[in-house]
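# Structural overview for review
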Amino acid sequence: VNKPGRTILASTISKIYDEEIRQKVESLRPLRPEGPLLVGFLANSDPAAEMYARWTQKTSEALGIRYELRRFADKDLLEENIIEANNDDGVDGIMIYFPVFGNAQDQYLQQTVCKEKDVEGLNHVYYQNLYHNVRYLDDHETLKSILPCTPLAIVKILEYLKIYNPLLPDGNQMYGKKCVVVNRSEIVGRPLAALLANDGATVYSVDVNNIQKFTRGEGLSAIKHHVEDLGDYSEQLLRDVCRDADIVITGVPSESYKFPTEYIRDGAICINFSSFKNFSEDVKTKASLYVPMTGKVTIAMLLRNMLRLVDNREKIKAM
Ligand code: NAD
């Protein structure tokens, strides 16, 4: 088969953050002689969560960060143990492996993690800042806000792939780019669409029900994105929005789902963040750059988020 482009692995991209993370861990030695401590809470037997936890541990330890996995057979014990970790000065970061209950209770549980230790960036304050295009936590702009780590990982991947254009003003570096995002979950797809639109892109957000357009309007006149409904989901509408899309990002949690290769325009960038391969092998005949998985970049981002949280906590103490 003719493969005009290249496949880029997440490990290639995550590597570039290793040095930054190691240096930061070093600079925290006076505060954390044994390295900062990240605690993961696992109360399911999902093999994907298990693997993600193992990779997080491996990556953390390789970079001088301590990682502790706390397992619970009884889901009911999770909340009080998270609260305990919130109050424990020895814990720097907390993450939960979802699904736990597999329903709306998971959103409640997620908000139990205090925002000062929320390495995944899922606290409501961080979401609200993202949706409103607010980049700092304070008026003096000294404390940078935290971004949810999977959407952030995709942004960093797009920076690596040189889709973000550094010649454009900060905050407009996706101006002129058209993206399709197949997933509109509150964990990844919707914040990702908002983030890319806030940075100037036109984003077509696709879920099982409908297709929406996220933009900052003509000439990027608005300071944050707005959303327009384009219509119910249909193959025709999906094909239409893909016709001139520069980037196609997929996150469908199903083994059998394959994004139709014939919808991808020649030379588009294709990124899959689902734990299942959402593109067929023949995507390589169309894509210029193809990123088949993103998990390793997500892990790098959550470690980076943790170090930023430690930094923010120290800055607040010194204020
Ligand atoms: P979810 O079930 O909450 O959301 C799935 C989304 O995909 C929904 O918006 C749904 O409407 C949409 N969808 C499903 N089938 C579709 C179809 N046929 N056409 C169009 N849209 C469709 O799942 P989630 O939490 O967003 O996770 C999605 C996937 O991403 C999972 O495989 C998960 O493991 C993975 N994930 C990866 C990372 C990472 O770092 N790489 C992080 C989080 C989640």
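Residues take numbers from 1 onward in each chain, read along the sequence in its written order. Local features in a predicted model are, by the rule used here, given only for residues with pLDDT of at least 70; side-chain atom pairs are given and counted only at 80 or more, and totals for whole chains, interfaces and linings are based on all residues. Excluding hydrogens and water, the side-chain values take into account all heavy atoms of the structure.

## Observations concerning the pattern of salt bridges
- For this document, the term salt bridge refers to a Lys or Arg side-chain nitrogen within 4 Å of an Asp or Glu carboxyl oxygen. Across all of its chains, the model carries 18 salt bridges by this definition.
- With its nearest N and O atoms 3.6 Å apart, the salt bridge here joins aspartate 244 to lysine 178. Taken as a pair, aspartate 244 in the loop between helix 8 (235-242) and strand 9 (247-250) and lysine 178 in strand 5 (residues 178-182) lie far apart in primary sequence, 66 residues in all.
- Through salt bridges with shared partners, a single ionic network connects Arg32, Asp92 and Arg313. By the criteria applied, helices consist of DSSP H or I runs no shorter than four residues and strands consist of E runs no shorter than two, each listed in order from the N terminus.

## So, the sheet that holds strand 3 (residues 66-71)
- Taken in spatial order, the three strands make up an open sheet running 3-2-4, and their pairing is parallel. Each edge of the open sheet is held by one strand with a lone partner, namely strand 3 and strand 4 (93-97). For this sheet, the mean angle separating the axes of adjacent strands, direction not counted, is 20°.
- Pairs of strands are assigned from DSSP output, requiring at least two bridges between the strands. The pairing of strand 2 (residues 37-42) with strand 4 spans five bridges and is parallel. Across the sheet, residue leucine 38 finds its bridge partner in strand 4, namely glycine 93.
- Sitting on the sheet, helix 2 (residues 47-62) is in contact with strand 2, strand 3 and strand 4, with an inclination near 155° to strand 3.
- Where helix 9 (residues 295-318) meets the sheet, it contacts strand 2 and strand 4, and its direction lies at approximately 125° from that of strand 2. Between N-to-C directions, angles cover 0 to 180 degrees, with each direction set by a line fitted to C-alpha atoms, over the stretch in contact for helices. Two residues qualify as a contact provided that any one of their heavy atoms is within 4.5 Å of a heavy atom in the partner residue.

## Quick notes on the site of the ligand
- Around the ligand, 18 residues are found, and the nearest of them are Asn183, Arg184, Ser185, Ser275 and Thr298.
- Here an oxygen atom of the ligand and a backbone polar atom of valine 208 are 3.1 Å apart.
- N or O atoms within 3.5 Å of each other form a polar contact, as long as, within protein, one can give a hydrogen and the other can take it, and as long as residues adjacent in sequence are counted only when both atoms are side-chain atoms. Take serine 274: an N or O atom from its side chain is 3.2 Å from an oxygen atom of the ligand.
- The method behind every accessible area is Shrake-Rupley, applied with a 1.4 Å probe, and residues are considered shielded solely by the protein chains displayed. Out of a free accessible area of 860 Å², the ligand has 72% covered by protein chains. Nearness is defined per residue: one heavy atom within 4 Å of the molecule or strand is enough.

## Focus: the environment of asparagine 278
- Among the secondary structure elements, asparagine 278 is positioned in the loop between strand 10 (269-272) and strand 11 (289-291).
- Taking the C-alpha atoms as reference points, asparagine 278 and proline 292, 14 residues apart in sequence, are found 8.4 Å from one another.
- Look past the residues within four positions of asparagine 278 in its chain and what remains in contact with it is Thr250, Gly251, Val252, Ser254, Tyr257, Lys258, Phe259 and Asn272.
- Within polar-contact distance, the side chain of asparagine 278 engages the backbone nitrogen of glycine 251 at 3.5 Å.

## Quick notes on empty space enclosed by the protein
- As defined here, a cavity is a set of points on a 1 Å grid over the protein atoms alone where a 1.4 Å probe fits but cannot get out. A pocket is an open set with protein on both sides within 12 Å along at least five of seven lines, and residues line them when an atom is within 4 Å of a point. Grid points are joined across faces, edges and corners, and a volume is the space filled by probe spheres set on the points. According to the stated counting rule, one finds one cavity of 30 Å³ or more in the structure shown.
- A volume near 50 Å³ is recorded for the largest cavity.
- Together, Ile94, Met95, Ile96, Phe98, Gln110, Val113, Asp118, Glu120 and Leu122 line the largest cavity.
- Counting residues per element, the lining of the largest cavity draws most heavily on strand 4, at three residues.
- Taken together, the residues that form the lining of the largest cavity break down as six nonpolar, one polar and two charged. Gly is placed with the polar residues, together with every amino acid not listed as nonpolar (Ala, Val, Leu, Ile, Met, Phe, Trp, Tyr, Cys and Pro) or charged (Asp, Glu, Lys and Arg).

## Quick notes on the domain arrangement of the protein
- Either an automatic procedure or a domain database provided the assignment from which the domain bounds are taken. The domain boundaries assigned to the protein delineate domain 1 (12-119 + 138-143 + 300-318) and domain 2 (150-296).
- Distance from the C-alpha centre of domain 1 to the C-alpha centre of domain 2: 27 Å.
- Contact residues are listed per partner, giving 11 residues for domain 1 and seven residues for domain 2.
- The term buried area means the drop in 1.4 Å probe accessible area that two parts suffer when joined, counted for both and summed. Both sides of the domain 1 and domain 2 interface together cover about 890 Å² of buried area, and 70% of this is carbon and sulfur.
- The tally of links from domain 1 across to domain 2 stands at zero salt bridges.
- Taken together, the links from domain 1 to domain 2 amount to one residue pair in polar contact (both at pLDDT 80 or more).
- Those elements that provide at least two residues to the side of domain 1 that touches domain 2 are helix 1 (10-27) and helix 9.
- The dominant element in the side of domain 1 that touches domain 2, judged by the number of residues it contributes, is helix 1, at five residues.
- Its residues assigned to classes, the side of domain 1 that touches domain 2 comprises six nonpolar, four polar and one charged.

## A short note on helix 8
- Relative accessibility thresholds used throughout: buried, under 20% of the residue-type maximum; exposed, over 50%; partly exposed, between the two (1.4 Å probe, protein chains only). When helix 8 is considered as a whole, its buried residues turn out to be Leu237, Leu238, Val241 and Cys242. Angular distribution of buried residues about the axis of helix 8 spans 135°; they occupy a single face of the element.
- Contacts from the buried residues of helix 8 go to strand 5, strand 6 (202-206), strand 7 (210-215) and strand 8 (226-232). Picture the helix axis, draw a direction to every C-beta atom, and the arc is the one those directions span.

## Brief notes about unusual backbone geometry
- Note the cis peptide between phenylalanine 98 and proline 99, where omega equals 0°.
- Within the fold, proline 99 resides in the loop between strand 4 and helix 4 (105-110).
- With a phi close to 65°, lysine 162 is a non-glycine residue in the positive phi region.
- Assignment of secondary structure puts lysine 162 in the loop between helix 6 (149-160) and strand 5.
- Located in the positive-phi region is leucine 220, a residue other than glycine, with phi close to 50°.
- Relative to the elements of secondary structure, leucine 220 occurs in the loop between strand 7 and strand 8.

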